Amino acid sequence: MLNEFQNNLKMKFCIIIPAHNEEDSIGLTLDSLVKQSLLPQEIIVVNDNSTDKTQEIVEDFQQQFNFIKLVNNTSSNQHLPGTKIINAFYKGYDIANKDYDVICKFDADLIFPLNYLEQLAFHFKKDKTIGMVAGYCYIEKNNHWVLENLTRDDHIRGALKAYTKSCFEAIGKLKKSMGWDTTDELLAKFYNYKILLDKSLHVKHLKPTGISYNKSAKHLQGEAMYKMRYGFLLTLLTAFKMGLKKKSFTYFYNFIIGYIKAFLNKPEQLVSQEQGKFIRNLRWKDIKEKLF
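Since this is a predicted model, take the numbers as computed values, not measurements. Numbers given for residues are sequential positions, taken from 1 along each chain in its written order. With the structure being a predicted model, the display of local features is reserved for residues of pLDDT at least 70 and the display and counting of side-chain atom pairs for 80 or more, all residues being used for whole-chain, interface and lining totals. Side-chain metrics rest on all non-hydrogen atoms present in the structure, leaving aside hydrogens and water.

Asker: Teacher, can you tell me more about the pairing of strand S4 (residues 102-106) here?
Answerer: Residues in a regular strand point their side chains to alternate faces of the sheet. Note on classification: 1.4 Å probe, protein chains only; a residue is buried when its accessible area is under 20% of the maximum for its type, exposed when over 50%, partly exposed between these limits. Starting at the N terminus, helices and strands are each numbered in turn, a helix being any DSSP run of H or I of at least four residues and a strand any DSSP run of E of at least two. In terms of residue burial, S4 counts as a mostly covered element, since five of its five residues are buried. Covered by surrounding structure in S4 are Val-102, Cys-104 and Phe-106 together with Ile-103 and Lys-105, the residues of both alternating faces. Here four bridges tie strand S1 (residues 13-19) to S4, and the two strands are oriented parallel to one another. Paired with Phe-13 across the two strands is Val-102, which belongs to S4. Note on pairing: DSSP must find at least two bridges between two strands before they are called paired.

This is the structure we're talking about:
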């Protein structure tokens, strides 16, 4: 009975990992993935302009596991959120076996529990309307692993995204912009897919989010709000909330300046007018539910 249950959970996972100078962590990430109770169909590591031993470490794993692939990519050394990492993701996607059930974009500084992929498969199989599933990121503080509480508790972090093939294609895949990891969820909801976070899945995040971001990224949050058609008032409320959470007026200020600059410069937006209206209505609904 157990073997039959496990066979029913078999899904083909394609995992793509962009990695820039991750010699301290990429080995730990890969070790946790090659020991999964449900092994992935393939793991593609995109060595994105690394100058350390990232490539050598991945090559060592390649010699041991035939489902690991390595792609070497040349790009900027600036560690900017959004465009750089998604460009690297697509370098891996270009060579991926497209006969997958679930596609994952994982960061190179995560340690997954050994039942992680099996548990994702369980949820996806249980409810076909679920388009995205993930666990929660935990960071080490004072020798204890604690929840990395940066965002809403119903938001899947950009570090550990997993999509069914139908959801991934419906949302138009991943946007090459800051805000991609919010846009994907909003568009998934637009296309009537459910998003699930499993509180039992604790993923160790070895580098706190944003620790290596370049200063030139400071306005990108506000720009992302413009590209997602939030409008100024929703952007203002979001910036205020995030500024309070980070205890930083400078963060709030840069957020708003980023939005205003985008409003004046009119960069290409990430969603259609219809999708933008849906997003605004959804966000206002969330706000009203929290208030009342």
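Asker: I'm lost on the nonpolar core in this one. Help?
Answerer: The tendency in soluble globular proteins is for nonpolar side chains to be buried as a group. We call a set of buried residues a nonpolar core when its members are Ala, Val, Leu, Ile, Met, Phe, Trp, Tyr or Cys and they connect through side-chain atoms within 4.5 Å of each other. Ranked by internal contacts, the top residues of the largest apolar core, which has 86 residues, are Ile-17, Phe-106, Tyr-116 and Leu-160. For this core, the element with the most residues is strand S6 (residues 130-141), which contributes seven residues. In what follows, a contact means two residues having at least one pair of non-hydrogen atoms within 4.5 Å. With near-sequence residues (within four places) excluded, Leu-160 lies in contact with Lys-105, Phe-106, Leu-110, Phe-112, Tyr-116, Ala-134, Gly-135, Cys-137 and Val-203.

Asker: How should I be thinking about helix H7 (residues 180-190) in this particular structure?
Answerer: Because an α-helix completes one turn every 3.6 residues, residues spaced three or four positions apart along the sequence face the same direction. Burial within H7 is extensive, with ten of its eleven residues counted as buried. All of the buried residues in H7 are Trp-180, Asp-181, Thr-182, Thr-183, Asp-184, Glu-185, Leu-186, Leu-187, Ala-188 and Phe-190.

Asker: Whenever I open this one, the packing of helix H9 (residues 232-246) against helix H11 (residues 273-291) confuses me. Can you help?
Answerer: In a packed pair of helices, the relevant descriptors are the angle between the two axes and the axis-to-axis distance. Packing of H9 against H11 brings their axes to within 11 Å, and their N-to-C directions diverge by 45 degrees. Here H9 lies oblique to H11, going by the angle between them. For the pair H9 and H11, the crossing hand works out as left-handed. Residues Leu-233, Leu-234 and Leu-237 of H9 lie in contact with H11, whose contacting residues are Arg-280, Arg-283, Trp-284 and Ile-287. All residues other than Ala, Val, Leu, Ile, Met, Phe, Trp, Tyr, Cys, Pro, Asp, Glu, Lys and Arg, Gly among them, are scored as polar; the first ten of these are nonpolar and the last four charged. Taken together, the residues of the contact of H9 with H11 sort by class into five nonpolar, no polar and two charged. Axes here refer to lines fitted to C-alpha atoms; in helices the fit is confined to the stretch in contact. Angles between the N-to-C directions go from 0 to 180 degrees. These descriptions rest on fixed angle ranges, namely under 35 degrees for roughly parallel, over 145 for roughly antiparallel, 65 to 115 for roughly perpendicular, and the rest for oblique. By definition, any crossing whose near helix is turned counterclockwise from its far helix by less than a right angle is left-handed, and any crossing with a clockwise turn is right-handed.

Asker: Even after reading the chapter, I still don't get the side chain of Asp-109, so can you show me in this structure?
Answerer: In this fold, Asp-109 is placed in the loop between S4 and strand S5 (110-111). A residue counts as positive if it is Lys or Arg and as negative if it is Asp or Glu; His and the chain ends are not included. When a carboxyl oxygen of Asp or Glu is within 4 Å of a side-chain nitrogen of Lys or Arg, the pair counts as a salt bridge. Among buried charged residues, Asp-109 stands out as having no salt bridge; its nearest opposite-charge side chain is Lys-207, 5.7 Å away.

Asker: Which parts of the structure should I look at to understand the environment of Asp-101?
Answerer: Mapped onto the fold, Asp-101 is located in the loop between helix H4 (83-95) and S4. The class for Asp-101 is partly exposed, based on a relative accessible area of 28%. Among the polar contacts listed, one links the side chain of Asp-101 to the backbone nitrogen of Lys-12, at a separation of 2.7 Å. Here a polar contact means two N or O atoms within 3.5 Å. Within protein one must be a hydrogen donor candidate and the other an acceptor candidate, and residues neighboring in sequence count only if both atoms are side-chain atoms.

Asker: How should the pairing of S1 be read in this particular structure?
Answerer: By the criterion of burial, S1 is predominantly enclosed, with seven of the seven residues buried. Residues of S1 alternate between two faces, with Phe-13, Ile-15, Ile-17 and Ala-19 on one and Cys-14, Ile-16 and Pro-18 on the opposite face, all of them buried. As paired strands, S1 and strand S2 (residues 42-48) are joined by six bridges and run parallel to one another. When the bridges of S2 are listed, Ala-19 appears paired with Asn-47. With respect to chirality, the unit in which S1 leads through helix H2 (residues 26-34) into the neighbouring parallel S2 is right-handed. We call a crossover right-handed when, viewed with the strands running away from us, the connection from the first strand over the helix to the second turns clockwise.

Asker: So what exactly am I meant to see when it comes to the side chain of Arg-283 here?
Answerer: As for its position among the elements, Arg-283 is in helix H11. Among the residues examined, Arg-283 registers a relative accessible area of 13% and is labelled buried. Leaving out residues up to four positions away in the same chain, Arg-283 has contacts with Arg-152, Thr-182, Leu-186, Tyr-230 and Leu-234.

Asker: What is the right way to read the packing of H2 against helix H3 (residues 54-64) from this model?
Answerer: One way to put it is that H2 packs onto H3 with a least axis distance of 10 Å and a crossing angle of 20 degrees. Judged on the interaxial angle alone, H3 and H2 are roughly parallel. Our pair here, H2 against H3, has a crossing hand that is right-handed. Residues Ile-26, Gly-27, Leu-30, Asp-31 and Val-34 of H2 form the contact with H3, whose own contacting residues are Thr-54, Ile-57, Val-58 and Phe-61. Class assignment of the residues belonging to the contact of H2 with H3 gives a composition of six nonpolar, two polar and one charged.

Asker: How do you make sense of a nonpolar patch on the surface when you look at a structure like this?
Answerer: To count toward a patch, a residue needs a relative accessible area above 30% and no salt bridge. Like charges then connect within 9 Å, nonpolar side chains (Val, Leu, Ile, Met, Phe, Trp, Tyr) within 5 Å. The accessible surface values rely on the Shrake-Rupley method and a 1.4 Å probe; as for residues, cover is taken only from the protein chains in view. A cluster of nonpolar residues, Phe-232, Ile-260, Phe-263 and Leu-264, forms a patch on the protein surface that exposes about 400 Å² of accessible area. By secondary structure assignment, the location of Phe-263 is in helix H10 (residues 249-265). On the accessibility criterion, Phe-263 (43% relative accessible area) is partly exposed.

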